[in-house]
Amino acid sequence: MWNSSRSLLLTRILTAVLFVLLIAAAVFMPRLMHDYLGVNDRHALYSRLLALVYASLVPAAAMLVVLWRLLGNIAAERVFTESNIRLLRILSWGSFAVAAIYGVFGFYFITAFMIAAFAVFLGLVLRVIKNVFQHALEIKTENDFTV
Amino acid sequence: MAIIINVDVMLAKRKMSSGELAERVGITPANLSILKTGKAKAVRFSTLNALCKALDCQPGDILEYREDE
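Student: What's the story with the overall build of chain B in this structure? I'm lost.
Tutor: The helix and strand tally for chain B stands at five helices and two strands. For chain B, the α and β elements follow one another from N to C terminus as β-α-α-α-α-α-β. Judged by the C-alpha coordinates and their principal axes, chain B covers about 35 × 20 × 20 Å. Buried positions account for 35% of the 69 residues belonging to chain B. Within chain B, residue pairs in contact and separated by at least 24 positions form 65% of the contacts whose partners lie at least 6 positions apart. Accessible surface, chain B: about 4600 Å² in total, of which carbon and sulfur atoms supply 51%. Across chain B, the centroid of the 10 positively charged side chains sits 6 Å from that of the 9 negatively charged ones.

Student: What's the story with the packing of helix 2 (residues 44-75) of chain A against helix 3 (residues 82-105) of chain A in this structure? I'm lost.
Tutor: Helix-helix packing is described using two parameters, namely the angle between the two axes and the distance between the axes. Residues and elements named next belong to chain A. One way to put it is that helix 2 packs onto helix 3 with a least axis distance of 10 Å and a crossing angle of 170°. Relative to helix 3, the element helix 2 is oriented roughly antiparallel. The chirality of how helix 2 crosses helix 3 is left-handed. Partitioning the contact of helix 2 with helix 3 into residue classes produces 17 nonpolar, six polar and three charged.

Student: When you look at unusual backbone geometry in this model, what are you seeing that I'm missing?
Tutor: Glycine aside, the phi torsion of most residues is negative, and most peptide linkages are trans. Its identity is not glycine, yet Glu-77 of chain A carries a phi of approximately 60°, on the positive side. Examined against the element boundaries, Glu-77 of chain A turns out to sit in the loop between helix 2 and helix 3. Note on Glu-77 of chain A: relative accessible area 72%, which makes it exposed. Unusually for a residue other than glycine, Asp-56 of chain B sits at a positive phi of about 50°. Within the fold, Asp-56 of chain B resides in the loop between helix 4 (45-55) and helix 5 (59-62).

Student: Where do I start with the layout of surface pockets in this structure?
Tutor: Residue and element names in this part refer to chain A. Looking at the largest pocket, its volume works out to about 440 Å³. Considering the residues around the largest pocket, the lining is formed by 19 residues, among which Leu-22, Ser-56, Ala-60, Val-98 and Tyr-102 are closest to the centre. Broken down by secondary-structure element, the contributors of at least two residues to the lining of the largest pocket are helix 1 (4-36), helix 2, helix 3 and helix 4 (110-144).

Student: Before we go on, may I ask you to explain the packing of helix 3 of chain A against helix 4 of chain A in this structure?
Tutor: All names here are of chain A. At a closest axis distance of 8 Å, the pairing of helix 3 and helix 4 adopts a crossing angle of 165°. When the interaxial angle is binned, helix 3 and helix 4 end up roughly antiparallel. In the crossing of helix 3 with helix 4, the sense of the turn from one axis to the other is left-handed. Among the residues making up the contact of helix 3 with helix 4, the classes are represented as 21 nonpolar, six polar and four charged.

Student: Please explain the interface of chain B and chain A as it appears in this structure.
Tutor: Size of an interface: often given as the accessible area lost when the parts come together. Every contact between the two is made by eleven residues of chain B and, on the other side, six residues of chain A. The tally of links between chain B and chain A comes to zero salt bridges. Taken together, chain B and chain A are joined by five residue pairs in polar contact (both at pLDDT 80 or more). Considering every element that reaches the side of chain B that touches chain A, the biggest residue donor is helix 3 (residues 29-36) of chain B, with three residues.

Student: Can you help me understand the environment of Ala-76 of chain A in this one?
Tutor: Residues and elements named next belong to chain A. Examined against the element boundaries, Ala-76 turns out to sit in the loop between helix 2 and helix 3. Relative accessible area serves as the criterion here: at 39%, Ala-76 is assigned to the partly exposed category. Separated by 29 residues in the primary sequence, Ala-76 and Ser-47 have C-alpha atoms spaced 44 Å apart.

Student: Explanation requested: helix 3 of chain B in the structure shown.
Tutor: A turn of α-helix holds 3.6 residues, and therefore any two residues three or four places apart point the same way. Among all positions of helix 3 of chain B, only Leu-32, Ile-34 and Leu-35 of chain B are buried. Along the axis of helix 3 of chain B, the buried residues cluster in a sector spanning 155°; they form a single face. Along helix 3 of chain B, exposed side chains directed more than 90 degrees from the buried face belong to Pro-29 and Ala-30 of chain B. Where helix 3 of chain B is buried, its residues meet helix 4 of chain A together with strand 1 (3-5), helix 1 (7-14), helix 2 (18-25) and helix 4 of chain B. Remark: Gly-38 of chain B follows helix 3 of chain B within two positions and exhibits a positive phi of approximately 75°.

Scoring rules and cut-offs
Throughout this document, residue positions are counted from 1 along each chain, in the order its sequence is written. Ligands are numbered from 1 and chains lettered from A, in the order in which they are written. Only residues with pLDDT of at least 70 get local features here, since the model is predicted, and only at 80 or more are side-chain atom pairs given and counted; chain-wide, interface and lining totals rely on the full set of residues. As a rule here, side-chain values cover all heavy atoms of the structure and leave hydrogens and water aside. In this text, helices come from DSSP runs of H or I with a minimum length of four residues, and strands from runs of E with a minimum of two, each type numbered from the N-terminal end. Buried, partly exposed and exposed residues are distinguished by accessible area as a fraction of the type maximum, computed with a 1.4 Å probe on protein chains only: under 20%, between the cut-offs, and over 50%, respectively. In what follows, residue pairs with any heavy atoms lying within 4.5 Å of each other are defined as contacts. All accessible areas in this document rest on Shrake-Rupley with a 1.4 Å probe, and a residue is counted as covered only by the protein chains that are shown. Asp and Glu are treated as the negative residues and Lys and Arg as the positive ones, with His and the ends of the chain left uncounted. The location of each charge is read from NZ of Lys, CZ of Arg, CG of Asp or CD of Glu. Axis geometry follows a simple rule: fit a line to the C-alpha atoms, using only the stretch in contact for helices, then measure angles between N-to-C directions, giving values from 0 to 180 degrees. By definition in this entry, angles of less than 35 degrees are roughly parallel, angles greater than 145 are roughly antiparallel, angles of 65 to 115 are roughly perpendicular, and the rest are oblique. Here a crossing is taken to be left-handed if its near helix is turned anticlockwise relative to the far helix by less than a right angle, and right-handed if that turn runs clockwise. Under the grouping applied here, Gly and all other residues not named as nonpolar or charged are polar, the nonpolar ones being Ala, Val, Leu, Ile, Met, Phe, Trp, Tyr, Cys and Pro and the charged ones Asp, Glu, Lys and Arg. Every definition here rests on a 1 Å grid over the protein atoms only: cavities are sets of points where a 1.4 Å probe fits but cannot get out, pockets are open sets enclosed by protein on both sides within 12 Å along at least five of seven lines, and lining residues have some atom within 4 Å of a point. Grid points are joined across faces, edges and corners, and a volume is the space filled by probe spheres set on the points. Every case where a carboxyl oxygen of Asp or Glu lies within 4 Å of a side-chain nitrogen of Lys or Arg is listed as a salt bridge. By the criterion applied in these results, polar contacts are pairs of N or O atoms within 3.5 Å in which, for protein atoms, one can donate a hydrogen and the other can accept it, and in which residues neighboring in sequence qualify only through two side-chain atoms. For this quantity, the arc is that covered by the directions from the helix axis to the C-beta atoms.

That is the geometry; function is a separate question.
Structure follows, in structure tokens:
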């Protein structure tokens, strides 16, 4: 039977899989660009594309670690806490950082602008969720201290 | 906070222990401690009713308003 703990487990597995894929991408990206995009190290795009990918991998890896910690807190039934609000804030700013990176590279590849716009949207959604958590924490505190 | 909880005073007047009051009111000793230390954000009418019944007093004997300094 499907329940919230299984759903949480699935999310944690997906996060772990994504982290492994991220590491694989970091290791095999030069080869992938060569084999699938036909871009080699003599091509003008090579260094720019590689810089874009590696620059975005850093915040992406950090965000996955933060996501893992957030899921750990939720699994431990620590949901509406200051710690989770801080983690959501980090996730939101991480999205904005990715948006900034893709925004800069948008001058070289137009599709990067679209990814930047999506990252900004994701960052905003995360900020709204953070605001909801902040308000929920206030309600929880009031409820906890109602005798 | 401007609202002062005088449960300790009433407990002393009635010569009753905190544990006994918690049991009579039906709240945990931890919650009674929250109330006594002034950390409570709100008091339910049902709790206030039970407190007044257990301590044989009026709400005004338990709650006091003092202007913030």
